[in-house]
There are 2 protein chains.
Amino acid sequence: MEVRKVSEAVIRRLPKYYRHLLILQKTGVERISSGKLAQQMRLNASQVRQDFNCFGGFGQQGYGYNVSTLLSEIKNILSLNQPYRAVVVGAGNIGTALANFEGFERDSIAIEALFDIDPALIGSSINGKPVLHTDELETYIKKNGISIGIIAARRSAAQNIADRMQAAGVRGIWNFAPMDLTEVEVPVENLHMTDSLLCLCYKMNQNNLYEE
Amino acid sequence: MEVRKVSEAVIRRLPKYYRHLLILQKTGVERISSGKLAQQMRLNASQVRQDFNCFGGFGQQGYGYNVSTLLSEIKNILSLNQPYRAVVVGAGNIGTALANFEGFERDSIAIEALFDIDPALIGSSINGKPVLHTDELETYIKKNGISIGIIAARRSAAQNIADRMQAAGVRGIWNFAPMDLTEVEVPVENLHMTDSLLCLCYKMNQNNLYEE
């Protein structure tokens, strides 16, 4: 199979296909055409076919897609066929929300521990996960085969945490701090909540000035 | 000025310019060239100029951008020169994290109240914001001039909440429920946390298969 670059826009749609196919499977749908899938997801059929073609197809002309097969292919592409162990640095509100969120476990992503520097939090646990001192971060990552580092700390601490996570061996960083990390070699996925809210403010006021 | 559609990619960069310019202003930088701004933000200079040209320019050939002027223009474009009042439906972990988050207030976005159906939560308050019964949602929105509705409730309730928020008069919806809302006329900004994490899993495993 020819290897080619997959655009960010296609990657962003993969979790949406995954979520939608999970629902279809749950409701007993066995196969679906690209047209129907596109309609349900409010995409267009040729886009759906193009997206899947990035990864080699999966459909059969005149038959459509087998839902279970497609779901398992997308799970493979997203590399969800392996478990992930994660830690969160920052046991504030976002860190706590993440530790309490049960949804990641469906995808075999487990938050194992949180780290903070606040003595009032260290030694406690959140949803059964221990809160440890940030000094122990590197040791914990190495000892427990942690592959995902989650940064839910304040902005001023974020770069240092990222550097330390990377040096200790994480394979990817999920960054909630409102800044862009530099000199990180592993993939970083930023989730800047305020940015999303500001985009909403824009759209609320510039109704005719953006593409759907 | 010619009105033209602004692409989603440009809109997504506006909050990043805004954040970066706030820092420049705070650190006393008075003017900056598109080249320098691009370098600091890891964009390219022609992209920065193109982005600003969507809104009419702002720069002077050979001088660069005045940081305060540019910041105030971007604040205008993002419509942050007005206060917003918001409510959150769902006083679980995400709702609580949002209510506790102080960062929105810098941008004059105030969360006024939370709504839930859990009797154990109703009547309590989170960071000084009351938790009310969801039955009171419409009345509260109308009475208090709420313009932003935030959905932090479970998936199965999200569409109904969106319909009710819209009918009561919100001008935009910020949706944390992992589903795409349908038949909503006001702008919706989705923040699907798990999607972001799944994109990270993809990138961790397909290092050579995506564009930076």
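This one's a predicted model, so the numbers in the text were calculated from it and none came from an experiment.

Things to note about the overall build of chain A
- A count of helical and extended segments in chain A gives 8 helices and 9 strands.
- Per-residue burial over chain A gives 38% buried out of 212 residues.
- Put simply, 54% of the contacts in chain A that link residues at least 6 apart link residues at least 24 apart.

Things to note about the packing of helix H1 (residues 8-26) of chain B against helix H4 (residues 67-77) of chain B
Residues and elements named next belong to chain B.
- Between H1 and H4, the shortest axis-to-axis distance is 9 Å and the interhelical angle comes to 145 degrees. Here H1 and H4 pass one another in a crossing that is left-handed. Judged by residue contacts, Leu14, Tyr17, Tyr18, Leu21, Leu22, Leu24 and Gln25 of H1 engage Val67, Ser68, Leu70, Leu71, Ile74, Lys75 and Ile77 from H4.
- Of the residues belonging to the contact of H1 with H4, the class tally is 11 nonpolar, 2 polar and 1 charged.

Observations regarding the relation of the copies chain A and chain B
- Rotating chain A by 180 degrees and moving it 0.0 Å along the rotation axis overlays it on chain B with an RMSD of 0.0 Å. What the superposition gives is, in effect, a two-fold axis relating one chain to the other. It is alanine 97 of chain A whose C-alpha, among those of chain A, lies nearest the rotation axis, at 3.3 Å.
- Looking at chain A, 100% of its interface residues are interface residues in chain B too, so the copies touch through the same face.

Looking at the interface of chain A and chain B
- Taken together, the contact between chain A and chain B spans 53 residues of the former and 53 residues of the latter.
- Among the secondary structure elements, those contributing two or more residues to the side of chain A that touches chain B are helix H1 (8-26), helix H5 (93-100), strand S8 (172-175) and helix H8 (193-205) of chain A.
- Sorting elements by how many residues they give to the side of chain A that touches chain B places H8 of chain A first, with 13 residues.
- Across the side of chain A that touches chain B, the residue classes tally to 30 nonpolar, 10 polar and 13 charged.

Structural notes on the pairing of strand S7 (residues 148-151) of chain A
All names here are of chain A.
- Burial along S7 is two-sided: Ile148 and Ile150 facing one way and Gly149 and Ile151 facing the other are all buried.
- Taken together, the 4 bridges between strand S3 (residues 84-89) and S7 define a ladder with parallel strand orientation. Bridging across to S7, valine 87 finds its partner in glycine 149.
- Inspection of the sheet shows S7 paired to S8 by 4 bridges, in the parallel sense. For isoleucine 151, the partnering residue across the bridge sits in S8 and is asparagine 175.
- A crossover connection joins S7 to the parallel S8 through helix H7 (residues 155-168); in handedness this β-α-β unit is right-handed.

Examining the sheet that holds strand S8 (residues 172-175) of chain B
Residues and elements named next belong to chain B.
- Taking strand neighbours across the sheet as the criterion, the 7 strands line up as S5-S6-S4-S3-S7-S8-S9 in an open arrangement whose pairing is mixed. Bordering the open sheet on either side are strand S5 (125-126) and strand S9 (188-190), each of which pairs with just one other strand.
- Against the sheet, helix H7 (residues 155-168) engages strand S3 (84-89), strand S7 (148-151) and S8, with an angle of about 170 degrees to S7.

Details of H1 of chain A
- With 19 residues, H1 of chain A extends 28 Å from end C-alpha to end C-alpha; this agrees with the ideal 27 Å at 1.5 Å per step.
- Taken together, the buried positions of H1 of chain A are Ile11, Leu14, Pro15, Tyr17, Tyr18, Arg19, Leu21 and Leu24 of chain A.
- In this fold, the buried residues of H1 of chain A make contact with strand S1 (31-32) and helix H4 (67-77) of chain A together with helix H8 (193-205) of chain B.
- Residue glycine 28 of chain A follows H1 of chain A closely and has a positive phi angle near 85 degrees.

Here's the deal with the sheet that holds strand S4 (residues 109-116) of chain A
Residue and element names in this part refer to chain A.
- Read across the open sheet, the 7 strands follow the order S5-S6-S4-S3-S7-S8-S9; overall the sheet is mixed. Either end of the sheet is taken by a strand with one partner, and the two such strands are strand S5 (125-126) and strand S9 (188-190).
- When S3 meets S4, the two strands line up parallel, connected through 6 bridges. Of the residues in S4, the one forming a bridge with arginine 85 is alanine 110.

Some details on the domain arrangement of chain A
- In terms of domain boundaries, chain A breaks down into domain 1 (8-77) and domain 2 (84-195).
- Put simply, the middle of domain 1 of chain A and the middle of domain 2 of chain A, counted by C-alpha atoms, are 32 Å apart.

Some points on the pairing of S8 of chain B
Residues and elements named next belong to chain B.
- Burial along S8 is two-sided: the residues Gly172 and Trp174 and Ile173 and Asn175 are all buried.
- Of the pairings in the sheet, the one linking S8 to S9 comprises 3 bridges and is parallel in character. Residue pairing in the sheet places asparagine 175 in a bridge with asparagine 190 of S9.

A closer look at the nonpolar core
- Grouped together as the largest cluster of nonpolar side chains are 122 residues, with contacts concentrated most on Ile151 of chain A together with Ile151 of chain B.
- Setting aside residues no more than four positions away along its own chain, isoleucine 151 of chain B makes contact with Val89, Gly90, Ala158, Ile161, Ala162, Ile173, Asn175, Phe176 and Ala177 of chain B.

Some details on unusual backbone geometry
Residues and elements named next belong to chain B.
- Phi at serine 79 takes a positive value of approximately 60 degrees, unusual for a residue other than glycine.
- Relative to the helices and strands, serine 79 resides in the loop between H4 and S3.
- Looking at serine 79, the number of C-beta atoms within 10 Å reads 16, which means it is partly exposed.
- One non-glycine residue with positive phi stands out, namely glutamate 183, at about 50 degrees.

Each value, and the rule that gives it
Residues numbered from 1 in each chain as written. Chains lettered and ligands numbered in written order. Predicted model: local features only at pLDDT ≥ 70, side-chain atom pairs only at ≥ 80, totals over all residues. Helix = DSSP H or I, 4+ residues; strand = E, 2+ residues; numbered from the N terminus. Buried ≥ 20, exposed ≤ 12 C-beta atoms within 10 Å, placed from the backbone. Contact = placed C-beta atoms within 7 Å. Axes fitted to C-alpha atoms, helices over the stretch in contact; angles between N-to-C directions. Left-handed = near helix turned anticlockwise from the far one by under 90°. Nonpolar A, V, L, I, M, F, W, Y, C, P; charged D, E, K, R; others polar. Least-squares fit on C-alpha atoms with pLDDT ≥ 70 in both. Pairing = 2+ DSSP bridges. Right-handed = clockwise from strand over helix to strand, strands pointing away. Expected span 1.5 Å × (residues − 1). Domains from an automatic or database assignment. Core = buried A, V, L, I, M, F, W, Y, C linked by C-beta atoms within 7 Å.

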